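Read off the chains here:
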Amino acid sequence: MTRTKRGYPARRRRTKVRSFVSGFQGAHSRLTRTISQQEIRALDSAHRDRDRKKRDFRRLWITRINAAIREKGVSYSYSRLINNLYKKQLFLNRKILAQIAIANKNSINIISNDIVKKVDSKASARIINRVPVNGVPVNGVQVNGVPVNGIAQRGFFFE
């Protein structure tokens, strides 16, 4: 059997892999075995961090929204804003809310105050008028449909 030389195909394969790791330092961009190991590692990290990036951005948006809301008043928080948005069926995603919070802080305060007034006025009207919730008669004061007693009846509502 005749001897075959693997010069050109092997070199072409190695140069293709080398172009991927051209920015790596030291042996990671020079030695063939470590190049292949680093390529596997880099692709694995890229796959993992694509999901991680989505998580990180969501955390960033939540932090920005919370910071913008808490500047106005300490009693209002991110979780209450999102809850009230869902109650009013205003489905603004967190990315858009964060952009509004950065670009125009006054707008986010207007949105939050408007929602709070509408949601709280309905809840307070139900508490004051003692309207039955789900057909159950109300003897005392209710917060979010749950009867409360003691301190809550004297006007101190804890959530």
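Coordinates for the structure precede this section.
Since the model is a prediction, treat every value here as computed from it, not as a measurement.

S.K.: So what's going on with the overall build of the protein? Which residues, and what values?
M.R.: Each helix and strand in the protein was counted, giving 5 helices and 2 strands. Sorting the 159 residues of the protein into buried and exposed places 20% on the buried side. For the protein, long-range pairs separated by at least 24 residues make up 33% of all intrachain contacts whose partners lie at least 6 apart in sequence. A total accessible area of about 12,500 Å² is found for the protein, and carbon and sulfur atoms account for 54% of it.

S.K.: Give a detailed account of the packing of helix α2 (residues 32-72) against helix α4 (residues 94-103), specifying residues and quantitative values.
M.R.: Running from N to C, α2 and α4 cross one another at 45°; their axes reach a closest spacing of 8 Å. One element, α2, and the other, α4, form an angle in the oblique class. Note on packing geometry: the crossing formed by α2 with α4 is left-handed. Contacts from Arg-58, Trp-61, Ile-62, Arg-64, Ile-65 and Ala-68 of α2 reach α4 at Arg-94, Lys-95, Leu-97, Ala-98, Ala-101 and Ile-102.

S.K.: Which residues make up unusual backbone geometry, and what are the values?
M.R.: The backbone phi angle of Gln-89 is positive, close to 55°, even though this residue is not glycine. Within the secondary structure, Gln-89 sits in the loop between α3 (78-87) and α4.

S.K.: So what's going on with the side chain of Asn-109? Which residues, and what values?
M.R.: Among the secondary structure elements, Asn-109 is positioned in helix α5 (residues 105-129). The exposure class assigned to Asn-109 is buried, which follows from its relative accessible area of 13%. Among all residues touching Asn-109, those that are not within four sequence positions of it are Ala-68 and Lys-72.

S.K.: Which residues make up the nonpolar core, and what values go with them?
M.R.: The biggest cluster of nonpolar side chains holds 14 residues, and the ones touching the most others in it are Ile-65, Ile-69, Leu-81, Leu-85 and Leu-97. Of all the elements in the fold, those that place two or more residues in this core are α2, α3, α4 and α5. Of all the elements, α3 adds the most residues to this core, at 4 residues.

S.K.: Could you give an account of the packing of aromatic side chains, with specific residues and numbers?
M.R.: Tallied over the full model, the rule gives 2 aromatic pairs. Measuring from centroid to centroid gives 6.0 Å for Phe-57 and Trp-61, while their planes differ by 40°, and the two rings are tilted. One end of the pair, Phe-57, and the other, Trp-61, are both in helix α2, 4 residues apart, so they sit about a helical turn from each other. By relative accessible area, which is 22% here, Trp-61 ends up partly exposed. Aromatic pair Tyr-86 and Phe-91: ring centres 5.5 Å apart, planes at 65°, arrangement edge-to-face. Take Phe-91: its relative accessible area is 60%, and that puts it in the exposed class.

How each quantity is defined
- Think of each chain on its own: its residues are numbered from 1, step by step along the sequence as written.
- pLDDT decides what is reported in this predicted model: residues at 70 or higher carry local features, side-chain atom pairs at 80 or more are listed and counted, and totals for whole chains, interfaces and linings draw on all residues regardless.
- Based on all heavy atoms of the structure, the side-chain values leave hydrogens and waters out of the count.
- Where helices and strands are cited, they refer to DSSP runs of H or I of at least four residues and of E of at least two residues respectively, numbered from the N terminus.
- Accessible area is worked out with a 1.4 Å probe on protein chains only. A residue is then buried under 20% of its type maximum, exposed over 50%, and partly exposed in between.
- The contact criterion used throughout is that any non-hydrogen atoms of two residues lie within 4.5 Å.
- Reported accessibility uses the Shrake-Rupley method at a 1.4 Å probe radius. Residues are deemed covered only where the shown protein chains occlude them.
- To obtain an axis, a line is fitted to C-alpha atoms, over the contacting stretch when the element is a helix, and the angle between two such axes runs from 0 to 180 degrees between their N-to-C directions.
- By the definition adopted for this analysis, an angle is roughly parallel if under 35 degrees, roughly antiparallel if over 145, roughly perpendicular if from 65 to 115, and oblique otherwise.
- Here a crossing is taken to be left-handed if its near helix is turned anticlockwise relative to the far helix by less than a right angle, and right-handed if that turn runs clockwise.
- To qualify as a nonpolar core, a set must consist of buried Ala, Val, Leu, Ile, Met, Phe, Trp, Tyr and Cys residues joined through side-chain atoms within 4.5 Å.
- When the centres of two rings from Phe, Tyr and Trp lie within 6.5 Å, Trp using its six-membered ring, the rings pair. Their planes under 30 degrees apart give stacked, over 60 give edge-to-face, and anything left gives tilted.

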